[in-house]
Amino acid sequence: MTFGEFELVSLSDGFVGFDGGAMFGVVPKPLWERRAPADARNRIRLGMRPLLVRSDRQTVLIDAGIGGKMSAKEQDIYAIDRSPSLERSLAAAGVAASEIDVVIATHLHFDHVGGLTTRGADDRILPVFPGARHVIRRGEWEDATHPHERNRASYLAENFAPLAEAGVVDFVDSDGEVVPGISVWRTGGHTHHHQLVKIESGGKTAVFVADLIPTIAHVDPPWIMGYDLYPMDTLAYKKPFLREAIAREYVIFFEHDPAIAAGVIREQGSRLTVEPVRV
Ligand SMILES: [Zn+2]
């Protein structure tokens, strides 16, 4: 998809199955299962869709999926299906790992940054994009490296500690541009320092919302994940964001939607709908 000076390529690191109840928080199953059918173990199928943003100047990767380091047991628990993998989808886009100049992480949960590191032949874990500057929110790094009982299962050090060891992390403390035309904005909610990414060019805006609105089923304000550490912060950010997105016809990228990579949110009476955009 051409987007002003940028080319946006929606990538895939396959699918993951998370508990449907946890994905929809306080929404009762009879309502959510119409939008996201559960399997026999109550899991719903979710996509993992990193985004590639290319311009004449730079090649940027936003998030990196779950990667290939999960154990057989974890692959079973989370129904991991990497038949389309990040490696293959980057190759299909004609991009070598060495060509990625900048990686932006929305947050450090394993289904978003697992693909940033890989297990080498000698069992050492190494960055997949050693030539890239990895833009990570400093507060998120602090939380990920000092986990507590409630978030420990989401933060696996093997996904991010090797980046610091390799000296490729570029910590950011505030909102704003990290690459010309590409900016990060803290949303909080899902994690305290969760951030979304805006891509602006030629008067148009695309937004990679990550876990603020993980699928099109989560567009309605109260459809908030049970996984969110601060659900009222999610709601407080989401409501004005939705108004802005509708008014300005943002192209929204839904990182976890199993079928729709991107769309424009429309208001039809009291209902919010998503008009898919081909990417
Ligand atoms: Zn996620």
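Residues numbered from 1 in each chain as written. Predicted model: local features only at pLDDT ≥ 70, side-chain atom pairs only at ≥ 80, totals over all residues. Heavy atoms only, no water.

**Here we look at the overall build of the chain**
Line of reasoning, step 1. Across its full length, the chain holds 8 helices and 18 strands.
Line of reasoning, step 2. Whereas a compact globule of 279 residues would reach a radius of gyration of roughly 19 Å, the chain reaches 18 Å, a difference of no more than 12%.
Line of reasoning, step 3. With respect to the principal axes defined by its C-alpha atoms, the chain has extents near 55 × 45 × 35 Å.
Line of reasoning, step 4. Residues counted as buried form 52% of the 279 residues belonging to the chain.
Line of reasoning, step 5. Within the chain, contacts between residues separated by at least 24 positions form 68% of all contacts whose residues are at least 6 apart in sequence.
Line of reasoning, step 6. Entry remark: accessible area of the chain is about 12100 Å², with carbon and sulfur atoms responsible for 51%.
Line of reasoning, step 7. Positive and negative side-chain charges in the chain, numbering 30 and 38 respectively, have mean positions lying 4 Å apart. (Helix = DSSP H or I, 4+ residues; strand = E, 2+ residues; numbered from the N terminus. Rg over C-alpha atoms; globule rule 2.2 N^0.38 Å. Buried < 20%, exposed > 50% of the residue type's maximum accessible area, 1.4 Å probe, protein only. Contact = heavy atoms within 4.5 Å. Areas by Shrake-Rupley, 256 points an atom, 1.4 Å probe, with all protein chains shown as cover. Lys, Arg positive; Asp, Glu negative; His and termini not counted. Charge placed at Lys NZ, Arg CZ, Asp CG, Glu CD.)

**Some details on the coordination of the zinc ion**
Line of reasoning, step 1. At this site the zinc ion is bound by Asp-111 (OD), His-112 (NE2), Asp-211 (OD) and His-256 (NE2), with donor distances of 1.9 to 2.4 Å.
Line of reasoning, step 2. For the zinc ion, the 4 donor atoms in the first shell make angles of 83 to 154° at the metal, a pattern classed as irregular.
Line of reasoning, step 3. Between consecutive donors of the zinc ion, the numbers of intervening residues give the motif D-H-x98-D-x44-H. Here His-112, found in helix H5 (residues 110-113), pairs with His-256, found in the loop between strand S16 (251-253) and strand S17 (262-268); they are 144 residues apart in sequence, far enough to count as distant. By the burial criterion, His-112 is buried, and His-256 matches it. (Donors = N, O, S within 2.8 Å, 3.2 Å for Na, K, Ca; no water. Tetrahedral: all angles 85-135°; square planar, octahedral: opposite > 155°, others 65-115°.)

**Side note on the packing of aromatic side chains**
Line of reasoning, step 1. Applying the stated criterion across every chain yields a total of 10 aromatic pairs.
Line of reasoning, step 2. Taking 5.8 Å as the distance between ring centres and 65° as the angle between the ring planes, the aromatic pair formed by Phe-18 and Tyr-227 counts as edge-to-face. Of the two residues, Phe-18 is situated in strand S3 (residues 15-19) and Tyr-227 in the loop between strand S15 (204-208) and helix H8 (231-247); the sequence distance between them amounts to 209 residues.
Line of reasoning, step 3. When its relative accessible area of 8% is taken as the criterion, Phe-18 is described as buried.
Line of reasoning, step 4. By relative accessible area, Tyr-227 is classed as partly exposed at 30%.
Line of reasoning, step 5. Ring centres 5.5 Å apart and planes at 85° place the aromatic pair Phe-24 and Trp-223 in the edge-to-face group. Placement of the pair is Phe-24 in helix H1 (residues 20-24) and Trp-223 in the loop between S15 and H8, with a sequence separation of 199 residues. Summarising the burial analysis for this pair, Phe-24 and Trp-223 share the class buried.
Line of reasoning, step 6. Ring pairs connect the aromatic residues Phe-18, Tyr-78, Phe-110 and Tyr-227, which therefore count as one cluster.
Line of reasoning, step 7. Cation over ring: Lys-198 sits above Trp-185, and NZ or CZ is 5.1 Å from the ring centre. (Phe/Tyr/Trp six-rings, centres within 6.5 Å; stacked < 30°, edge-to-face > 60°. Lys NZ or Arg CZ within 6 Å of the ring centre and 35° of its normal.)

**Points about the sheet that holds strand S10 (residues 133-137)**
Line of reasoning, step 1. Ordered by their spatial adjacency, 7 strands build an open sheet running S1-S2-S5-S6-S7-S10-S11, and the pairing between neighbours is mixed. The strands lining the two open edges of the sheet, one partner per strand, are strand S1 (2-3) and strand S11 (169-172).
Line of reasoning, step 2. Relative to strand S7 (residues 102-104), strand S6 (residues 59-62) runs parallel, the two sharing 3 bridges. Paired with Val-60 across the strands is Val-102, a residue of S7.
Line of reasoning, step 3. Packing of helix H6 (residues 138-145) onto the sheet brings it into contact with S10 and S11, and relative to S10 it is tilted by some 80°. (Pairing = 2+ DSSP bridges. Axes fitted to C-alpha atoms, helices over the stretch in contact; angles between N-to-C directions.)

These figures capture arrangement, not role.
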